[in-house]
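Chain by chain, the residues:
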Amino acid sequence: MLVLFRINRALSQLLVISPSAVYPSHTESFLAYYDIFVRNAFGSYRDILREVSYSPMMSDMLTYYASKSSEYMWKTEGTLQYADENYAREIMQLFSVGLVKLNLDGTPMLDSEGKTIQTYSNEDITEYARVWTGFGRQGPRGNVEDRRGNSIDPMKIRVDWRDHFPKLGLDGKYIGDLYPLCEHFPSDSFLRKGAKWKLLGKTKLPKDQDLLLWDKTTADDPDSSVHVITLNRSSVLGNKLCKASEGKCTFPSIVEINYHLPCTGVECNLSGIRVVEVREGIYYEFIRPPCVSFPFFESGKRVSKSRSNLNEDSTCVSKHSAVAAPACCDNSSKATYGTCAFTGERVAYAEAKSRCLQHGKEICEYSSVLWSNCDLCCNYAGYFWLPLDCSVYAIIDNQGKVAIERQEGDTELDYLSLTFFRVHWDNDKDYPKPGNFCDTDSCEPVGPYCRCEVGVSDVRVFQSMPSRSEILSNLKIGGVNPLMKDYDSSEAVDDFILHIADSGNPFGKETMFEVTDEFGRKMYLMNTKSIVNVGGDFQFRNTPSFYNANPEVIDAQFETEAALDHYFYHSNTAPFLAFRFIQRFGISNPSPGFVERVANAFKNGSVNVMPSIGTGEYGDLGATITAIVLDKETRSVILDADPSHGSIREPLIKVIALMRNLNYQQTNGQFTSLYGLQTMIGEGMHDMPSVFSFFLPEYSPPGELSASSLVSPEAMLLPYSIGTINGMISLIKFGVSSCYGGFGNNCKRSKEGRLMSTTNKNADIIDDLATMLTSGRMSNVNRQAIRNLYTKVSSENALSSAQQLVITSPEFHTTSVSRNDGSPRPKAAERRKTCKRHKSVVHILLKGGCDSFNLLVPHSQCNGNNLYKQYKKERGPVAIAKRDLLEIDASSSLQQCRRFGLHPKLSTLQSLYNGGDALFFAGIGIMTNYVSKANYLTNTETQLFAHNTLQAEIGRLDPYKKYPGTGILGRLLDALHLNNYNVNAFAVDTSLIALEGERQNAKKVAVRSSIGFQMLNPSAPKSSVSALVPDLNGNVENYSGMYSNKWSSSLLEGIHSNNELYWADKSHSLANRWDSFPDTDLGKQLRRVAKMVGSNECRGADRDIYYIETGRYDHHANVLKALDREFTELDHALSAFVAEMKAKEKWDDITVVVSSDFGRTLSPNSGKGTDHGWSGSSFILGGQVKGGRILGEYPTDLSSSSPLNIGRGRFIPTTPFEAVWHGVIKWLGVDTDEGLDKVLPNKNSFLGKLFDESDLYEEISEIEKDCEGEGSIVTCVPDNYEFDDDIFDDDIFDNDVFDDKEDGIHISKGGIGAAITASFISVLCILAGVAFVYNKRTGRLSLLFIQIYGYLHKNKRGEEQDKFIYVDREESNSDDETAANLSLEVDINTLKLLHLRNQDGIEMESKSI
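All values reported here derive from a predicted model rather than from experimental measurement. (Residues numbered from 1 in each chain as written. Predicted model: local features only at pLDDT ≥ 70, side-chain atom pairs only at ≥ 80, totals over all residues. Heavy atoms only, no water.)

1. Notes on the overall build of the chain
We apply this condition: Helix and strand assignments come from DSSP, with helices taken as H or I runs of at least 4 residues and strands as E runs of at least 2, each series counted from the N terminus. Residue burial is assigned from relative accessible area. The probe radius is 1.4 Å, only protein chains are included, and a residue is buried under 20% of its type maximum, exposed over 50%, and partly exposed in between. For the accessible areas, the method is Shrake-Rupley and the probe is 1.4 Å, while residue cover comes only from the protein chains on display.
The helix and strand tally for the chain stands at 40 helices and 46 strands. Considering the chain as a whole, with its 1409 residues, one finds that 60% of them fall into the buried category. For the chain, the accessible area works out to roughly 55200 Å², and carbon and sulfur atoms hold 48% of it.

2. Here's the deal with the pairing of strand S39 (residues 1103–1110)
Cut-off, in case you're wondering: Note on pairing: DSSP must find at least two bridges between two strands before they are called paired.
With eight of eight residues buried, S39 lies mostly within the body of the structure. Residue alternation in S39 divides its side chains into two sets, Arg 1103, Ile 1105, Tyr 1107 and Glu 1109 and Asp 1104, Tyr 1106, Ile 1108 and Thr 1110, and both sets are buried. Here strand S37 (residues 983–988) pairs with S39 via six bridges, running parallel. Of the residues in S39, the one forming a bridge with Val 988 is Ile 1108.

3. A few points about the packing of aromatic side chains
Put simply, the rule is: Working definition: rings of Phe, Tyr and Trp (its six-membered ring) pair if their centres are within 6.5 Å, and the pair is stacked with planes under 30 degrees apart, edge-to-face with planes over 60 apart, and tilted otherwise. In this scheme, the term charge over a ring applies when either NZ of a lysine or CZ of an arginine sits within 6 Å of the ring centre and within 35 degrees of the ring normal.
Scanning the model with the defined rule gives 53 aromatic pairs in all. Sitting over the face of the ring of Tyr 383, Lys 305 holds its NZ or CZ atom 4.9 Å from the ring centroid.

4. Quick word on unusual backbone geometry
At Asp 313, a residue that is not glycine, the phi angle is positive and equals roughly 50 degrees. The topology assignment puts Asp 313 in the loop between strand S10 (300–304) and strand S11 (314–318).

5. Remarks on the environment of Thr 560
For clarity, the cut-off: Any two residues whose heavy atoms approach within 4.5 Å are treated as being in contact. Each polar contact in these results corresponds to two N or O atoms within 3.5 Å; when the atoms are within protein, one needs to be able to donate a hydrogen and the other to accept it, and residues that are neighboring in sequence are counted only if both atoms are side-chain atoms.
In this fold, Thr 560 is placed in helix H12 (residues 553–568). Look at Thr 560 and you get buried, because its relative accessible area is 0%. Expressed as a C-alpha distance, the spacing of Thr 560 and Tyr 54, which sit 506 residues apart in the sequence, is 9.8 Å. Every residue in contact with Thr 560, bar those within four places of it in the chain, is listed here: Tyr 54, Val 131, Trp 132, Phe 135, Ile 157 and Arg 162. At 2.8 Å, the side chain of Thr 560 and the side chain of Arg 162 are in polar contact. From its side chain, Thr 560 meets the backbone oxygen of Ala 556 in a polar contact 2.8 Å long.

6. Section: the side chain of Ser 1019
You can see Ser 1019 is positioned in the loop between strand S38 (1003–1007) and helix H29 (1024–1032). Within the structure, the side chain of Ser 1019 is placed 2.8 Å from the side chain of Lys 733, a separation counted as a polar contact.

7. Details of the sheet that holds S11
Whenever strands of a sheet pair, they do so through backbone hydrogen bonds, lying parallel or antiparallel. Sheet architecture is open: four strands sit in the order S11-S10-S17-S12, paired in mixed fashion. Strands with a single pairing partner mark the edges of an open sheet, and in this sheet they are S11 and strand S12 (324–325). Sheet analysis places S12 next to strand S17 (residues 383–390), joined by two bridges and oriented parallel. Residue pairing in the sheet places Ala 325 in a bridge with Phe 384 of S17.

8. As for the packing of helix H1 (residues 2–14) against helix H2 (residues 27–40)
Cut-off, in case you're wondering: For helices, the fitted line uses only the C-alpha atoms of the stretch in contact; every axis is such a line through C-alpha atoms, and the angle between N-to-C directions lies from 0 to 180 degrees. Here roughly perpendicular refers to angles of 65 to 115 degrees, roughly parallel to angles under 35, roughly antiparallel to angles over 145, and oblique to all remaining angles. Crossing handedness is defined as follows: a turn of the near helix away from the far one that is anticlockwise and smaller than a right angle gives a left-handed crossing, while the clockwise case is right-handed. When residues are grouped by polarity, Ala, Val, Leu, Ile, Met, Phe, Trp, Tyr, Cys and Pro land in nonpolar, Asp, Glu, Lys and Arg in charged, and all others, Gly among them, in polar.
Where H1 meets H2, the axes come as close as 9 Å, and the angle between the chain directions of the two elements is 130 degrees. Judged by the angle between their axes, H1 and H2 are oblique. Once H1 is placed against H2, the crossing between them reads as right-handed. Contacts from Asn 8, Arg 9, Leu 11 and Ser 12 of H1 reach H2 at Tyr 34, Phe 37 and Val 38. When its residues are assigned to classes, the contact of H1 with H2 shows four nonpolar, two polar and one charged.

9. Some words on H29
The α-helix winds at 3.6 residues per turn, so residues separated by three or four positions along the chain end up facing the same way. Let me state the cut-off plainly: Each direction from the helix axis to a C-beta atom contributes to the arc, which is the arc of those directions.
Every buried residue of H29 is listed here: Val 1025, Ser 1026, Leu 1028, Val 1029 and Leu 1032. Down the axis of H29, the buried side of the element spans an arc of 160 degrees, and every buried residue falls inside it. Its buried side turned inward, H29 meets helix H22 (780–792), helix H23 (795–806), helix H24 (810–813) and helix H30 (1042–1067).

10. Some remarks on the sheet that holds strand S23 (residues 489–493)
Read from one edge of the open sheet, four strands run S23-S24-S25-S26, paired in antiparallel fashion. The sheet terminates laterally at S23 and strand S26 (522–526), the two strands that pair on one side only. Taking each pair of neighbouring strands and ignoring which way they run, the sheet shows an average axis angle of 20 degrees. Inspection of the sheet shows strand S24 (residues 496–500) paired to strand S25 (residues 512–516) by four bridges, in the antiparallel sense. Bridge pairing links Phe 496 to Val 515 in S25.

11. Examining the environment of Ser 1023
Considering the arrangement of structural elements, one finds Ser 1023 in the loop between S38 and H29. Assessed through its relative accessible area of 11%, Ser 1023 is described here as buried.

12. Some remarks on the nonpolar core
Defined as follows: For the purposes of this section, nonpolar cores are sets of buried Ala, Val, Leu, Ile, Met, Phe, Trp, Tyr and Cys residues that join through side-chain atoms within 4.5 Å.
Core analysis: the biggest nonpolar cluster contains 147 residues, and Leu 15, Tyr 45, Met 58, Phe 95, Trp 132 and Leu 658 have the highest contact counts within it. No other element matches H12, which puts nine residues into this core. Beyond its immediate chain neighbours, meaning those up to four positions away, Leu 658 contacts Met 728, Leu 731, Ile 732, Leu 755, Leu 773, Ile 807 and Phe 812. Residues Met 1092, Val 1119, Phe 1127 and Cys 1276 belong to the second largest nonpolar core, which totals 74 residues.

13. Examining the state of the cysteines
Linking two cysteines covalently via their sulfur atoms produces the bond known as a disulfide. Put simply, the test is: We call a pair of cysteine sulfur atoms a disulfide whenever their separation is within 2.5 Å.
Enumeration over the complete set of coordinates arrives at 13 disulfides. Here Cys 263 is linked by a disulfide to Cys 268, with a sulfur-sulfur distance of 2.0 Å. What sets the handedness of the Cys 263 and Cys 268 disulfide is the S-S torsion sign, and at about 100 degrees it is right-handed. Given a relative accessible area of 37%, Cys 263 falls into the partly exposed group.

14. As for the pattern of salt bridges
Condition: Definition used for salt bridges: Asp or Glu carboxyl oxygen within 4 Å of a side-chain nitrogen of Lys or Arg.
Tallied over the full model, the rule gives 70 salt bridges. Linking Glu 85 and Arg 1208 is a salt bridge whose minimum nitrogen-to-oxygen distance equals 2.9 Å. Taken together, the residues Glu 85 in the loop between helix H5 (70–77) and helix H6 (86–93) and Arg 1208 in the loop between strand S42 (1189–1192) and strand S43 (1215–1216) connect sequence positions 1123 residues apart. On the basis of relative accessibility, which here comes to 1%, the residue Glu 85 falls in the buried class. It is possible to trace a salt-bridge network through shared partners that takes in Glu 127, Arg 130, Arg 162, Asp 163, Lys 167 and Glu 559.

15. A closer look at the environment of Ser 318
By secondary structure assignment, the location of Ser 318 is in strand S11. Through-space distance from the C-alpha of Ser 318 to that of Gly 300 is 4.7 Å; in sequence the pair is 18 residues apart. When neighbours within four sequence positions are excluded, Ser 318 is seen to be in contact with Phe 297 and Trp 385.

16. Thoughts on the confidence of the model for the chain
Inclusion rule: On a scale of 0 to 100, pLDDT captures the predictor's confidence in every residue.
Looking at the chain, pLDDT values average 87 and 88% of them are 70 or higher. Counting interchain partners and residues more than four positions distant, the pLDDT-below-50 stretch residues 1283–1316 has 77 contacts. pLDDT under 50 marks residues 1332–1409. Its contacts with residues more than four places away, or in other chains, come to 191 contacts.

17. A few points about the pairing of strand S34 (residues 886–889)
Burial of the side chains of S34 is restricted to one face: Leu 886 and Ile 888 are buried, whereas none of Glu 887 and Asp 889 on the reverse face is. Of the pairings in the sheet, the one linking S34 to strand S35 (residues 897–902) comprises four bridges and is antiparallel in character. Across the sheet, the residue bridging to Leu 886 is Leu 902, located in S35.

Shown next as structure tokens:
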């Protein structure tokens, strides 16, 4: 079960659904999704990919639910909108093939210049996005809790929403490659070996194949108007489907024909079949094999759906396609249709012509198709054949993409409505250029395109015996399984079989090769290539498509399966998944050999153990996981000596390990609930913060790990270390409780569950704990240190103390060995006061890719192009009306338009801009060099358009990785320190990645906005247990484990920083009311920043850097509504922050930098969202900012032909982020070339385009002010800071305080004074409850109570104290400063203040009011 849990856990972290897709009361829907992993944990990863792709939950998560084709959107809404790209991107990047091409051992492939090779391009994503159209929910179910529709059953496909055009995918392979042509199947395929039939039951109507009924209402009662083939009792096929047992039919749900069946009666004359009646009222559907057709052909024929006008609903099709019915005329122009074998039958042109001739008629240019004399054919709404020749044309754009134009009667073609797709051009991708008069007489310019006549030829590929590799590389057209088609002869040749259709021509076009590929798939490949010539030497390989003129659901299903095969059967998939799975099983940096062994197990589907494990099928997860857990690198104890071996353990895995190994028992008979894990330890069971799960697999923390080119994904959660330890200490001491950072729902003696560990009394208890909790890794030094304390502590607390110490050791938190040398780690130097002006930078990253085309919009008074008109045209339904924009004056900016507009929800930003405190940057983005359409891919080091790579680079700005493991803000901290500034850095609700530098001189800390700064072991911060933690995490010997060393150094830095900052936070209050900040994520984050800005004096900080990640800006759907929500939050939070900074007279000392991963596409997708782009707009704010302007270059052309538009409305940036930071960094005090080069290592690529300090800031005269105590030591920790042993003794909560007999306050040994004090506290608690209720109505009494409360603390503020908090976890998302909103608070320092000093002690249990 443990292995199963770890597999499911790994799969859920790989194929992520975040809480945004799990609706609060819809746990059943999520469990249905999670069951995909449970069902297939030891099965095929291919099945998982399919089930996940059809999951409604995943479609909500990655927004491809109801994504529609461009053709459909043009026909229904008249605007150009594209397929949503979200899932097409993530299924490749995260679920299957990854970003760069890999060798089988997981090492990256390199090109001739030593650079990694991208697995896919953005063009690949655009093509695959068209596959993920058409998905919708099944009908509602009455037995589930889902009120949003059916989020449990696999989705259905609406074929009218689907994109029906060819698609070129990974490695230059068409999605329809390797499939046979539909016209190659024999007419009696339904009787051949391998044919499949599905039981329909009592309905005649197939679910996924369309009968093209004229009267759709007959679907409810089809008996009268839907006719099918009825098999007689002598039919061999009928008896096969019947499968009689004891004289009665059993009617299997699926029947596969295992030998060729003879035809009987009507079966012998059919050219195809769909549904048969086996016995009266029992029907079976023939599941036709997947096949493709070519959309480019010669000698086409016209077909029409109209029964009265040939030119209505008419198109051109291949005469070999069975897509239409015969409309037969005699001597008149009135046609009849009475020649069908069953309702909805379609045949090829030759068969239609023959049918008419059999009745003495011919296919004609009818004036009408009569409804009389049509018999069982009447209820038909499909195409009819016409005797008119027609042609198709290739429409070619300036990128070489092709669209199809068919002669469609009198319909005038609108070229904007066409869907363009990539093709394989011969001759080095040369093609007719629209700008060069199309280069050939066969083509003519039509607007921005070339319209070309086409010629199609089928040529044989091999004229002599090829090798297996040549067959697999050169043959792309599939052949019909020889079980279904007759060949003259077959010949086995080495490692393939040759099937010869014409013995006189063994290498003719009809010859087929049977070969097995590297993935174990048996393939049948024709010795043929279909070439499309568009004049001169311009030609491309014909493009297979699953759709013909009558697209059906089954075609879309076949195409979906083919696309999944592209991902699954890719050379990258095995090593990519092998590496990811190994990481999740505890080894962060597996050797190439380990990865290759696991990848081979995935490929071969088996592991060579006794007995062999696995199915032998490619993608077998049972074999893959077995290979991981049994590999020598997983099991070898010797490798523990390798400093690079192992990993930092996941926080959740550590909590579960503690509960399992110390015998957690649920005492109330209910299931175990742990609350707030995501907030406190950084990882919940299913609370993935994004599609990237909790951490990035490629994350490399600074220090020796980064210097050694090693990764440590879990190190991203090191900022949660103190919260993790506090929660586990609370669990050890109090059971499942919320006390002191615990994981329970309330703070009283746990009635839910406790750890019931018992140890062997005859053995060394410390060794027992080391074995159970660290697998015996704990060093002798640490064992002895814990053993020494164990012998000194009272017997009733000894075991608890030892358990607490073990779970603070590096051996518990990592799987590497720590060699503690017994000496302490060096402490940070004390801060000394300076008299420098304090400045702060607040960098806010709008995560997800903000759609800045709706942030900053061209408005009016434009020179040259009318940019708003272009914007309106390209944006379509997601454009903001000009009347709704908030106008700003850009006349002092060098932009094409003098007037711009802001999003209507950004009134604060407008006000700041008009007041000169906001400055915009247009055309900004991540850049390596200045690039063009022609070279942007080769000249850009960063992987574009992906969240993780661009978020990493915007925090790093070091494309050539000159300073690996560092961020721009971290290098800025280094440079400021070298310039003798005291600096602090804060990562708010995110990791420290962007703040990491090469030096460790700056004080930096990650803080949760809703919790604040945490002290270690808050129930006993001065206890002997707490005092021993630095010793257990002390200095290490050479060759100690890198992960344990990283853990220990990070923990001790966090303890020191959090202790200092805890008191800094307490030392300063807001100038405005705490609730002046909105109760939103960004509101809480900026409130936390505002408090710290005011505490700079006691921290001795000259420069503060704050880094915030916020928002949900990845708006692939409903961007207008989503931006209204996000920009409202942004605007309100900025308004509160600006007001607070102005009230504190700090506004001139602040620069707020607001940016995002990337811009988005100018053109929308069919979900009324936008997809990943590149260039965008950002802004900075501040009192000294020289605002009221737009710097950079807003595009001067927003059309599809713009030189900056690389397709789909993705624009190349012209302003690098380095340009902005260059001026900001100088303002902060780094102005030497050496310092600037260190902070911005790529700045010299943009010389002449970098903004100087004077470009961004007003000059202000800095007034000299008196400075007392310069050079003196500063600290925020009060001089009299101490916690009395009688208050924080470890046994307080282990005795009567948690007496189960009754609730309330218990007095022991405290005397009457203590009793009076406790009573007084009870009154205060009641007042707190009244204040909470009254505050809901007026907000007044709570403020009064806060003031009284603060006075009792000898502190005039009512803000955050060292609290003993009783609060339901449902309310824990409120900021801990909001005392009036807490259910009940009892301040520990108040207890000390009220007569408890020098008392024997007080034991209390309080019940929540």
